[in-house]
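Remarks on the overall topology
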Amino acid sequence: MSVSNKVIIFVPGIRPKPPAKDHQDALWRCLLAGVEQLSPATAESMAQAQGPFQVVPWSFEYYRVHADITPDLPGIEALLKKAEPSRADLAEAGSLQRRFQRWLYSIGDSMPFIGRLFASEPLRLRLSEIARYFDNSDRVADRMRFMVKAALLKAWQENKKVMLIGHSFGSVIAYDALWEMGHVEGIEDTLDTFISMGSPMGLSYVRRDLKGARYKGAKQFPINIRYWRNIAAIGEVTAHHPALKEMQQTMAAAGWLNEASNHNEAVNFFRGPDGLNVHKCYGYFYNAETAQIIVDWWNA
């Protein structure tokens, strides 16, 4: 193993996750395979590096249970055998049904009363889980953010350049942790790159409770991100929102960001037990948009 001065830290999204080692190994396989399609030399360099990827296992702290990775394994194997999505994948991701679901989510976000009336049981569960995080009544959100901060501080103490990836609600946890580090704890270390994948941060009911949201001006936002890359897959229902781009533009204008970009045409063609899942982390790690960002960062 060679020693690398770079590390990728991943903050997973909501819902129970597999044991950290199982989850980390599966995600690392997907990430390396995606990078290899673009740059075999980069993939080899990453594979030879010592400890270049780690998962922040906050979900067990929150749910006190691990998910079983077994149902996802056939989908991971099938994903890694496909160099690109099929026509059926693209047609389903961009289908009228998914566009209609996205429209319903937009209506629910702008008019919460109507959203609650028509919310499905799984969505109600997700909303209650998100509310528990923002309420922080049992300090569970503090503990989740502490785990992210501990991983970042360790990397910075080792003089490593850090890429922080947050998937889904994990992007919210990562963002909040960064805001606290800069504005509350006075930590001046800076991320090379922050990647948000399938992020709900553009939704109003999430945005209003983000750390810093009650402030005006530049103090609203984290001060410790150089580059922010947001990735949203075709077919996502909560991750495509112009308000997130507006956040990035305001941060850049304030001087908190060197550069931001949005990649809203990513293709996530992971198929799990319930069929095509354009939101799944394995597909986000394998897709070409993610791979290109990582290849450029690793070789910078």
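Check the entry above for the structure.
What counts, and where the lines are drawn
- Residues numbered from 1 in each chain as written.
- Predicted model: local features only at pLDDT ≥ 70, side-chain atom pairs only at ≥ 80, totals over all residues.
- Heavy atoms only, no water.
- Axes fitted to C-alpha atoms, helices over the stretch in contact; angles between N-to-C directions.
- Helix = DSSP H or I, 4+ residues; strand = E, 2+ residues; numbered from the N terminus.
- Parallel < 35°, antiparallel > 145°, perpendicular 65-115°, else oblique.
- Left-handed = near helix turned anticlockwise from the far one by under 90°.
- Contact = heavy atoms within 4.5 Å.
- Nonpolar A, V, L, I, M, F, W, Y, C, P; charged D, E, K, R; others polar.
- Pairing = 2+ DSSP bridges.
- Buried < 20%, exposed > 50% of the residue type's maximum accessible area, 1.4 Å probe, protein only.
- Expected span 1.5 Å × (residues − 1).

1. A short note on the packing of helix 2 (residues 40-48) against helix 14 (residues 288-299)
Taken N-terminus to C-terminus, the directions of helix 2 and helix 14 make an angle of 70 degrees; their axes are 10 Å apart at the nearest point. Put simply, helix 2 runs roughly perpendicular to helix 14. For the pair helix 2 and helix 14, the crossing hand works out as left-handed. Counted together, Thr 42, Ser 45 and Met 46 of helix 2 and Ile 294, Val 295, Trp 298 and Asn 299 of helix 14 form the full contact between these two elements. Looking at side-chain class alone, the contact of helix 2 with helix 14 contains 4 nonpolar, 3 polar and no charged residues.

2. Structural notes on the sheet that holds strand 6 (residues 259-266)
Pairing is parallel across the open sheet formed by 6 strands, whose spatial order is 2-1-3-4-5-6. Edge strands, defined here as strands with exactly one partner in the open sheet, are strand 2 (53-55) and strand 6. For this sheet, the mean inter-axis angle between neighbouring strands, taken without regard to orientation, is 15 degrees. With 3 bridges joining them, strand 1 (residues 6-11) and strand 2 adopt parallel strand pairing. Each residue of the ladder has a partner; that of Phe 10, found in strand 2, is Val 55. The strands touched by helix 1 (residues 20-38) within the sheet are strand 1 and strand 2, with strand 2 carrying the most contacts at an inclination of about 135 degrees. Of the strands in this sheet, strand 5 (225-233) and strand 6 touch helix 12 (residues 242-254), which is tilted by about 170 degrees from strand 5.

3. As for unusual backbone geometry
Positive phi outside glycine occurs at Arg 15, with the angle close to 85 degrees. You can see Arg 15 is positioned in the loop between strand 1 and helix 1. Relative accessible area serves as the criterion here: at 47%, Arg 15 is assigned to the partly exposed category. For Asn 159, which is not glycine, the phi dihedral falls at a positive 60 degrees. Mapped onto the elements, Asn 159 comes out in the loop between helix 9 (140-157) and strand 3 (161-167).

4. Notes on helix 9
Helix length check: helix 9, at 18 residues, gives a terminal C-alpha distance of 26 Å against a target of 26 Å (1.5 Å per residue), a fit within 8%. All of the buried residues in helix 9 are Val 140, Ala 141, Met 144, Arg 145, Val 148, Lys 149, Ala 151, Leu 152, Ala 155 and Trp 156. The first or second residue beyond helix 9 is Asn 159, which carries a positive phi of 60 degrees.

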